[in-house]
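Residue-level structural notes
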Amino acid sequence: MKSVVRTAAGGPEVLKLVDRPVPEPGPGEVRVRVHVSGVNPTDWRSRQRALPPGMDEQVPHQDGAGVIDAVGSQVDPARVGQRVWIWEAAWERPWGTAQQYTLVPDRHAVVLPDHASFELGAALGIPALTAHRALTVHDCGPGQIAPGTLRGTTVLVAGGAGVVGNAAIQLARWGGARVITTVSSPAKAALAHAAGAHHVVDYRTQDATAEIRALAPKGVDIVVEVAPGTNAALDIAVTAPGAVMAYYSGSEDEQLSIPVLSSLAANLRWQSVYVYTVPPAAKQQALTDVAAAVDARALRVGEDVGMPLHRFPLEHISDAHTALERGLVGKVLLDIP
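From a predicted model like this one, the values you see are computed outputs, not experimental measurements.

Considerations on the packing of aromatic side chains
Following the criterion strictly, the structure yields 3 aromatic pairs and no others. Where Y274 meets Y276, the ring centres are 5.2 Å apart and the plane angle is 65°; that geometry is what we call edge-to-face. Exposure remark for Y274: the relative accessible area of 44% places this residue in the partly exposed category. Taken together, the ring pairs in this structure connect W91, Y274 and Y276 into an aromatic cluster. Over the ring of W95 we find R20, and its NZ or CZ is 5.0 Å from the ring centre. The ring of Y101 is capped by R33, whose NZ or CZ atom sits 5.6 Å from the centre of that ring.

See the structure below:
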């Protein structure tokens, strides 16, 4: 089978296309014939770091979608033939989705409805699970997302044209929240509107604090934050008492500095969201809710919902990583032959 591996840390050039035997699933594992592999910022960032302890090579990419074609012992044989989406395939494991067949634990392959494309399946894992966690960490929140669970909640999504931002807008809308988002250009504003944001603020041409305060005089309840260090002052200025800033990203040298007394008086909370180490119960709830949203057609991909697709063949994986690292807007996918 065709597979991409890396044996060292570095730039896109460390990704090598090789031929390897088709693997056999072990106990508790399923083998998936991968149709589409999803590429996320976490993939190129992890490529720049050393291999996990005990590994001399690794297949990249956490997300993907395909069809189960074999199962190991302790797995229901009826799973063979199921269309599935994959999450965290390469987290502390050698088997990512940048190959024709991959092995994952049984629960890491979630049923994908017939109406949902493999492209959607490959776009779910990291972005949708991250967005779910960010939307459910509020102290007074429901802990789950379903129609009506976020009714009465105002959500601010920083960077609504990004993949996590897009998933957060769609999930928040499905839950009944009012959604405001910030963007940096008219083109990104169009994508955020397409995703379903009620209000879009271009922070480069508008006074973001004044605009958001006018839209939400009582303040926003949840901030899905992509740049906590940069946006801390804005977040404090526009949030309601008891709000949570759920941040999931940041640059390598970014620092978060907050004024103690004003944050203290408002009972504000900054909550890191690192999807890989989310508590097990919260991760399971996210899997359940994201699957339900897909089934209800509440999560979609494509330019008509603000998430353009950029497709690369497996052998051009280096180009895919380079494009994403340079800031390509939309979802980057690898087509697996």
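Structure shown, so let's carry the discussion forward.
Focus: the packing of helix α6 (residues 208–215) against helix α7 (residues 228–238)
The geometry of α6 relative to α7 is characterised by a closest axis approach of 9 Å and an angle of 25° between their N-to-C directions. As the angle between them shows, α6 and α7 are arranged roughly parallel. The handedness of the crossing between α6 and α7 comes out as right-handed. Of the residues in α7, those touching α6 at A208, T209, I212 and R213 are L234, A237 and V238. Looking at side-chain class alone, the contact of α6 with α7 contains 5 nonpolar, 1 polar and 1 charged residues.

Regarding the sheet that holds strand β13 (residues 269–272)
The strand order across the open sheet formed by 6 strands is β10-β9-β8-β11-β12-β13, and the pairing between neighbours is parallel. Sheet topology places β10 (199–202) and β13 at the edges, where each strand pairs with a single neighbour. When the angles between neighbouring strand axes are averaged without regard to direction, this sheet yields 20°. Where strand β11 (residues 220–225) and strand β12 (residues 239–247) come together, 5 bridges link them in parallel fashion. The partner of V224 across the bridge, within β12, is A246.

Brief notes about empty space enclosed by the protein
Counting across every chain of the model gives 1 cavity of 30 Å³ or more. For the largest cavity, the lining is made up of 14 residues, of which A123, V163, N166, A167 and V301 are closest to its centre. Contributions of two or more residues to the lining of the largest cavity are made by α3 (125–135) and α4 (163–174). With 4 residues, α4 is the largest single contributor of residues to the lining of the largest cavity. Partitioning the lining of the largest cavity into residue classes produces 10 nonpolar, 2 polar and 2 charged.

Topic: a nonpolar patch on the surface
Together, V260, L261 and L264 make up a nonpolar patch on the protein surface, roughly 360 Å² of accessible area in all. Looking at where L261 falls in the secondary structure, it is placed in helix α8 (residues 260–265).

Overview of the pairing of strand β9 (residues 178–183)
Counting buried positions along β9 yields 5 of 6 residues, so the element is predominantly enclosed. The sheet contact formed by strand β8 (residues 154–158) and β9 spans 5 bridges and is parallel. Bridged to L156 within β9 is I180. Each parallel crossover has a hand, and for β8 linked through α4 to β9 it is right-handed. Inspection of the sheet shows β9 paired to β10 by 4 bridges, in the parallel sense. Pairing of T181 across the sheet is with V200, part of β10.

Details of the pattern of salt bridges
Here the idea is simple: oppositely charged side chains can pair when their charged atoms come close. One pass over the full model with this rule turns up 12 salt bridges. A salt bridge links R31 to D69; the nearest nitrogen and oxygen atoms lie 2.9 Å apart. Taken together, the positions of R31 in strand β3 (residues 29–39) and D69 in strand β4 (residues 63–71) put the pair 38 residues apart, joining distant regions of the chain. Here R31 falls in the buried class, since its relative accessible area comes to 10%. As a salt-bridge pair, E119 and R311 come within 2.7 Å of each other at their nearest N and O atoms.

Calculation notes
- Residues numbered from 1 in each chain as written.
- Predicted model: local features only at pLDDT ≥ 70, side-chain atom pairs only at ≥ 80, totals over all residues.
- Heavy atoms only, no water.
- Phe/Tyr/Trp six-rings, centres within 6.5 Å; stacked < 30°, edge-to-face > 60°.
- Buried < 20%, exposed > 50% of the residue type's maximum accessible area, 1.4 Å probe, protein only.
- Lys NZ or Arg CZ within 6 Å of the ring centre and 35° of its normal.
- Axes fitted to C-alpha atoms, helices over the stretch in contact; angles between N-to-C directions.
- Helix = DSSP H or I, 4+ residues; strand = E, 2+ residues; numbered from the N terminus.
- Parallel < 35°, antiparallel > 145°, perpendicular 65-115°, else oblique.
- Left-handed = near helix turned anticlockwise from the far one by under 90°.
- Contact = heavy atoms within 4.5 Å.
- Nonpolar A, V, L, I, M, F, W, Y, C, P; charged D, E, K, R; others polar.
- Pairing = 2+ DSSP bridges.
- 1 Å grid on protein atoms, 1.4 Å probe; cavity = no way out; pocket = protein on both sides within 12 Å on 5 of 7 lines; lining within 4 Å.
- Points joined across faces, edges and corners; volume = space filled by probe spheres on them.
- Patch = residues over 30% accessible without salt bridge, like charges linked within 9 Å, V, L, I, M, F, W, Y side chains within 5 Å.
- Areas by Shrake-Rupley, 256 points an atom, 1.4 Å probe, with all protein chains shown as cover.
- Salt bridge = Lys/Arg side-chain N within 4 Å of Asp/Glu carboxyl O.
- Right-handed = clockwise from strand over helix to strand, strands pointing away.

By themselves, these figures tell us nothing about what the structure is for.
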